[in-house]
Amino acid sequence: MQVIDPHVHFWDLAQGNQPWLEHPSPNLLGDYSPMARDYGLRELLADAGDIELLGAVHVEADAVDPLAETRWLAGLADEGTAPGLPNALVVGADLSRPDAGERLAAQCLASERVRGVRQILNVHADPLYDYVGRHYMGESTWRDNFALLARHELSFDLQLYPSQMPQAARLAETHPEIPLVINHAGMYVDRHGVAGWREWRDGLRRLAEHDHVSLKLSGFGMLDHHWTEGSIRPLILEALDAFGVERCMFASNFPVDGLYARYPAIWRAYAEIVADGSPDEKRALFVDNARRLYRL
């Protein structure tokens, strides 16, 4: 089985760049202390087993110093473990900072593999699910700096909750020149009653109205620690119905989702859910869309 994995995370704890891993405190992931160990190319390839990685995209891992993270990752790609991996980098940047423009330029200079930026935006009334505690998309400085992504030909990985999707759709409408990639199937978080499903479903469809918005089908274990093929199937099929095969891609979110399932099990669940698709459709979901969207 051949895949391009467009959402992986690496870290070297000796660098001290991920303090959230050095002192794990249970959150929406549950007890994530098993992740508090070095994770890089060797570990990913070992976890992959018989899944053949044709490529991988590294997404920032909440580093204290995002530029140092990028420089370290650029060095990994030149090592002998798996030359060229990761093929592309989605780097961290705080777009609310006055000097965000300079920091974006520095990130692009740090590696020719930089393709996009992620700044986690998740805000939730329940502290268990709240990541950042502020509504970045509503801040004028953040929006002004978001516009700078176009200057560097960068996409933006959009990690948010369904309640934030209407605001994100307005951002997409304002900036059709900046590709947006929704992380983790839109993070369907409020699962008690039909209202949460409708908010997620309708939010996805509103975002899908914009042709430059795409979706990663990933991260299902973060909000469903005991997921099964049956429990994620309705989400995947609904997302595919909203965005179409041409704007969706499967991803592992490893090692985070390694808390809940082995790497091959995740990919084989995806494959089973779309088993009735045509060869071209499956190739798009597992390989081609990631290659195109991240310019591999």
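See the structure above.
Residues numbered from 1 in each chain as written. Predicted model: local features only at pLDDT ≥ 70, side-chain atom pairs only at ≥ 80, totals over all residues. Heavy atoms only, no water.

Draft legend 1. The nonpolar core, seen in detail. Phe156, Leu217 and Phe243 are the most contacted members of the largest nonpolar core, which has 95 residues in total. Not counting residues within four places of it along the chain, the set of residues in contact with Phe156 comprises Leu95, Val117, Arg118, Gln119, Leu121, Trp142, Phe146, Leu149, Ile178, Pro179, Leu180 and Val181. (Core = buried A, V, L, I, M, F, W, Y, C linked by side-chain atoms within 4.5 Å. Buried < 20%, exposed > 50% of the residue type's maximum accessible area, 1.4 Å probe, protein only. Contact = heavy atoms within 4.5 Å.)

Draft legend 2. Spatial organisation of the pattern of salt bridges. Taken as a whole and assessed by the stated rule, the structure comprises 12 salt bridges. Between Arg134 and Glu139 there is a salt bridge, and its shortest N-O distance comes to 2.7 Å. Between Arg283 and Asp288 there is a salt bridge, with the nearest N and O atoms lying 3.5 Å from each other. Take Asp288: its relative accessible area is 32%, and that puts it in the partly exposed class. What emerges from the salt-bridge pattern is a single network uniting Arg97, Asp99 and Arg103. (Salt bridge = Lys/Arg side-chain N within 4 Å of Asp/Glu carboxyl O.)

Draft legend 3. Molecular detail of empty space enclosed by the protein. On inspection of all chains with the given rule, the structure shows three cavities of 30 Å³ or more. Here the largest cavity defines a volume of roughly 60 Å³. As for the largest cavity, its lining consists of His184, Ala185, Met187, Tyr188, Arg191, Trp200, Ser218, Gly219, Phe220, Leu223 and Leu235. Looking at the lining of the largest cavity, its residues break down into seven nonpolar, three polar and one charged. (1 Å grid on protein atoms, 1.4 Å probe; cavity = no way out; pocket = protein on both sides within 12 Å on 5 of 7 lines; lining within 4 Å. Points joined across faces, edges and corners; volume = space filled by probe spheres on them. Nonpolar A, V, L, I, M, F, W, Y, C, P; charged D, E, K, R; others polar.)

Draft legend 4. Representation of the sheet that holds strand β7 (residues 213–217). Read from one edge to the other, the open sheet built from eight strands follows the order β1-β2-β3-β4-β5-β6-β7-β8, with strand pairing classed as parallel. Edge positions in the sheet fall to β1 (2–8) and β8 (248–250), since each has one partner strand and no second. Each strand of the sheet is rotated relative to its neighbour by a mean of 25°, with strand direction disregarded. Sheet topology places strand β3 (residues 88–92) next to strand β4 (residues 114–118); four bridges connect them, and they run parallel. Counted as the bridge partner of Gly92 is Arg118 from β4. On the sheet, helix α9 (residues 229–243) packs against β6 (180–182), β7 and β8 and is oriented at approximately 165° with respect to β7. (Pairing = 2+ DSSP bridges. Helix = DSSP H or I, 4+ residues; strand = E, 2+ residues; numbered from the N terminus. Axes fitted to C-alpha atoms, helices over the stretch in contact; angles between N-to-C directions.)

Draft legend 5. Representation of the pairing of β3 within the structure. Counting buried residues along β3, five of its five residues qualify, which places the element largely inside the surrounding structure. Here three bridges tie strand β2 (residues 52–59) to β3, and the two strands are oriented parallel to one another. What sits directly across from His58, in β3, is Leu89. You can see the chain leave β3, run along helix α4 (residues 100–110) and come back into β4, and the turn it takes is right-handed. (Right-handed = clockwise from strand over helix to strand, strands pointing away.)

Draft legend 6. Main features of the layout of surface pockets. Considering only enclosed or pocket space, the largest pocket measures out at about 930 Å³ in volume. Taken together, 39 residues make up the lining of the largest pocket; nearest its centre are Glu60, Ala61, Asp62, Ile120 and Tyr131. Looking at the lining of the largest pocket, the elements with two or more residues in it are α3 (66–77) and α4. Here the lining of the largest pocket takes four residues from α4, the largest share from any one element. Grouping the amino acids of the lining of the largest pocket by side-chain chemistry returns 22 nonpolar, eight polar and nine charged.

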